[in-house]
Amino acid sequence: MSLTLIKFASMVEEFRKLDTEMQAQTMLAFIYVARMERGGSPASVKEVGEYLGLTSASASRNIAVLSKWSRHNRAGHDLVEAVENPAFRSQKLIKLTPKGKRVIKSLEG
């Protein structure tokens, strides 16, 4: 097996430690948010949706799973937080939480 596939399997296993049923699009949403934050600008829910080819509603559901509280008042993973954009109050910006930053470090390890 190639080193790339071994690394990929390792990353999926890190996500499975958080949630054995986490969808691939949720994993990709988290990685996209981390990549945007590292680039110096937080991602918006709309941008996450565009990146994944999802509607804003679907992107919002994926972000909710990664947030502290998921849909229907269930606990989420607390990897990201959505904050109101002060320049455009209707827009939510997504940032990594301290736990999210630790998960990214373990994925990069």
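Residues numbered from 1 in each chain as written. Predicted model: local features only at pLDDT ≥ 70, side-chain atom pairs only at ≥ 80, totals over all residues. Heavy atoms only, no water.

A. The arrangement of helix 2 (residues 24–38) in detail. In this model helix 2 runs 21 Å from its N-terminal to its C-terminal C-alpha over 15 residues, within 8% of the 21 Å that 1.5 Å per residue would give. T26, M27, A29, F30, Y32, V33, A34 and M36 are the residues of helix 2 that are buried. In the segment just after helix 2, G40 is the residue with positive phi, at about 105°. (Helix = DSSP H or I, 4+ residues; strand = E, 2+ residues; numbered from the N terminus. Expected span 1.5 Å × (residues − 1). Buried < 20%, exposed > 50% of the residue type's maximum accessible area, 1.4 Å probe, protein only.)

B. Expanded view of the sheet that holds strand 3 (residues 92–96). Here three strands make up an open sheet; going across it, the order is 1-3-2 and the pairing antiparallel. Here the strands that pair on one side only, and so sit at the sheet edges, are strand 1 (43–44) and strand 2 (80–84). (Pairing = 2+ DSSP bridges.)

C. Broad picture of the packing of aromatic side chains. Enumeration over the complete set of coordinates arrives at two aromatic pairs. Seen in terms of ring centroids, F15 and F30 are 5.9 Å apart; in terms of plane orientation they differ by 90°. Their pairing is edge-to-face. Residue F15 is found in helix 1 (residues 3–18), and its partner F30 is found in helix 2; the two are separated by 15 residues along the sequence. Here F15 falls in the buried class, since its relative accessible area comes to 2%. Taken together, a centroid distance of 4.4 Å and an interplanar angle of 20° make the contact between Y32 and Y51 stacked. You can see Y32 sitting in helix 2 and its partner Y51 sitting in helix 3 (residues 45–52), a full 19 residues away along the chain. (Phe/Tyr/Trp six-rings, centres within 6.5 Å; stacked < 30°, edge-to-face > 60°.)

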